Amino acid sequence: MNEEMCIKPIAHIYNDYTEKFGIPRQSGIIGDVESKIIFTPEYRDFNAVRGLEGYSHIWLIWGFSENGRQTGEWSPTVRPPRLGGNTRMGVFSTRSPFRPNSLGLSSVCLTGIETEGKEAPVLTVTGADIKNGTPVYDIKPYITYCDCHPEACSGFAEQVKDYRLQPVISQELMEKIPVSKRAAVTGILAQDPRPGYQQDENRIYGFRFADMNIQFAVEGDRIIVKAVIV
C-alpha cells in the first residue's frame, strides 16, 4: 500500500502579515487581525461550506510554504524562540515550522462567510498566525465537546505563556498607524516579534505589517517604537 500522499491547496489566506517577523507564534493570540480565506476555483463551491455558518471557530491545516526547507528535510530537535532560541527540544513537542511535513494547524474564529462576488464563498476569520498568501490544505470545524480540553497540560510552553512586553508608542507615531490597525500593532509588539536568539537592547528591529514598517527597540520589559514608515 502506498502511504505517501500528494496534497494541493484548497484555498489561500490573505491578511496584513506580509512577512514572517511580527506574525504571532500561536493562533488566537492576536484577535484584531482579520484574514480572508479564498478558495481556489476547483473548490469554490457553496455546497462545500454548507452548515459551516453554525460554527464559531474552525481548524485550518496549512503549509509552511516559506520555511526555506525542502519536503523531507528535517531535524529531530529545534530551538523554540520563547526559550531564547538556544535550548533544543524535540520537533514533535513544538509547533516549529521546520517539520518532516511542513504542515501547520491553527484554530481561528470564523466571523463571516461572504456570499456575494466572483470569489464567493469567502471565509472571514480572526486570530490567524499565518502569513499573507499561505496555502490552506483543509478546513474543519472546531467542536467544543471534543476539541476543548481545559484540564490539558501545556508542557514547557506553560512557563512562557504569560510573557509580554509593554509597548511604548508616542502620540506622533501612533497617528501614523490607521485607527483600525492600532490594536493589532500593539498586540504584535507585546508578543515581542524579535527572533528568539536576538536580545540586543542596542539594536533597532523592524517588521512589516500591512503597508507599514514598524521599527522598535527593547529596553527591559518595554518595547519602544522608534519609527513608523509608511
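In this convention, every chain numbers its residues from 1, walking through the sequence in written order. Where local features are concerned, this predicted model is filtered to residues with pLDDT of at least 70; where side-chain atom pairs are given and counted, the filter is 80 or more; whole-chain, interface and lining totals use all residues. Here the side-chain values reflect all heavy atoms present in the structure, with hydrogen atoms and water set aside.

1. Quick look at the environment of Gly85
And then number 1: Runs of H or I in DSSP of at least four residues are treated as helices and runs of E of at least two as strands, each being numbered from the N terminus. Here Gly85 shows up in the loop between β4 (77–78) and β5 (89–90).
And then number 2: Sequence spacing of Gly85 and Pro195 is 110 residues, and the spatial spacing of their C-alpha atoms is 7.6 Å.

2. Let's talk about the packing of aromatic side chains
And then number 1: Stacked, tilted and edge-to-face are the three classes assigned to paired rings of Phe, Tyr and Trp, where Trp is represented by its six-membered ring and a pair needs centres within 6.5 Å; plane angles under 30 degrees give stacked, over 60 edge-to-face, the rest tilted. If you walk through the whole model with that rule in mind, you get six aromatic pairs.
And then number 2: Their ring planes at 20° and their centres at 5.7 Å tell us that Tyr205 and Phe216 sit as a pair that is stacked. Within this pair, whereas Tyr205 is found in strand β10 (residues 205–209), its partner Phe216 is found in strand β11 (residues 212–219), the two being separated by 11 residues in sequence. As far as burial versus exposure is concerned, Tyr205 and Phe216 are alike and both buried.
And then number 3: By way of ring pairs, the aromatic residues Tyr205, Phe207 and Phe216 are connected into one cluster. Buried, partly exposed and exposed residues are distinguished by accessible area as a fraction of the type maximum, computed with a 1.4 Å probe on protein chains only: under 20%, between the cut-offs, and over 50%, respectively.

3. A few points about the sheet that holds strand β6 (residues 103–114)
And then number 1: By this definition, two strands are paired if DSSP reports at least two bridges between them. Sheet architecture is closed into a barrel: six strands sit in the order β1-β2-β7-β6-β3-β8, paired in antiparallel fashion. Adjacent strand axes in the sheet meet at a mean angle of 45° when their direction is disregarded.
And then number 2: Examined bridge by bridge, strand β3 (residues 57–63) and strand β8 (residues 135–141) share five bridges and lie antiparallel to one another. From the neighbouring strand, Trp62 faces β8, where its bridge partner is Val136. To get an axis, fit a line to the C-alpha atoms, keeping to the stretch in contact for a helix; angles then go from 0 to 180 degrees between the N-to-C directions.

4. Thoughts on the sheet that holds strand β12 (residues 222–229)
And then number 1: Strand order in the open sheet formed by four strands is β9-β12-β11-β10, with mixed pairing between adjacent strands. What marks the edges here is a single partner per strand, and that holds for β9 (166–168) and β10. The average angle at which neighbouring strand axes cross in this sheet is 35°, direction not considered.
And then number 2: Inspection of the sheet shows β10 paired to β11 by five bridges, in the antiparallel sense. Counterpart to Gly206 in the pairing with β11 is Gln215.
And then number 3: Note on contacts: a residue pair qualifies if any of its non-hydrogen atoms lie within 4.5 Å across the two residues. Here helix α3 (residues 179–190) sits on the sheet and contacts β9, β10, β11 and β12; the angle it forms with β10, its principal contact strand, is near 145°.

5. So, the pairing of β3
And then number 1: Examined bridge by bridge, β3 and β6 share seven bridges and lie antiparallel to one another. Its bridge partner lying in β6, Gly63 is registered against Leu103.

6. Remarks on unusual backbone geometry
And then number 1: That bond from Ala120 to Pro121 is cis: its omega, 0°, falls within 30 degrees of zero.
And then number 2: With respect to the helices, strands and loops of the structure, Pro121 is situated in the loop between β6 and β7 (122–126).
And then number 3: The residue Asp192 is not glycine, and still its phi comes out positive at about 65°.
And then number 4: Using a relative accessible area of 4% as the deciding quantity, one classes Asp192 as buried.
And then number 5: With phi around 55°, Ala210 is a residue other than glycine that occupies positive phi space.

7. Details of the nonpolar core
And then number 1: Take the buried Ala, Val, Leu, Ile, Met, Phe, Trp, Tyr and Cys residues and link them wherever side-chain atoms come within 4.5 Å; each set so joined is a nonpolar core. Among the nonpolar cores identified, the biggest contains 24 residues, and Leu189, Phe209, Met212 and Ile214 are the most heavily contacted of them.
And then number 2: Sorting the residues of this core by element identifies α2 (171–174), α3, β10, β11 and β12 as the ones contributing at least two each.
And then number 3: Other than its neighbours up to four places away in sequence, Met212 contacts Lys176, Ile177, Pro178, Lys181, Val185, Phe207, Val228, Ile229 and Val230.
And then number 4: Grouped together as the second largest cluster of nonpolar side chains are 19 residues, Leu52, Ile58, Phe64 and Val108 included.

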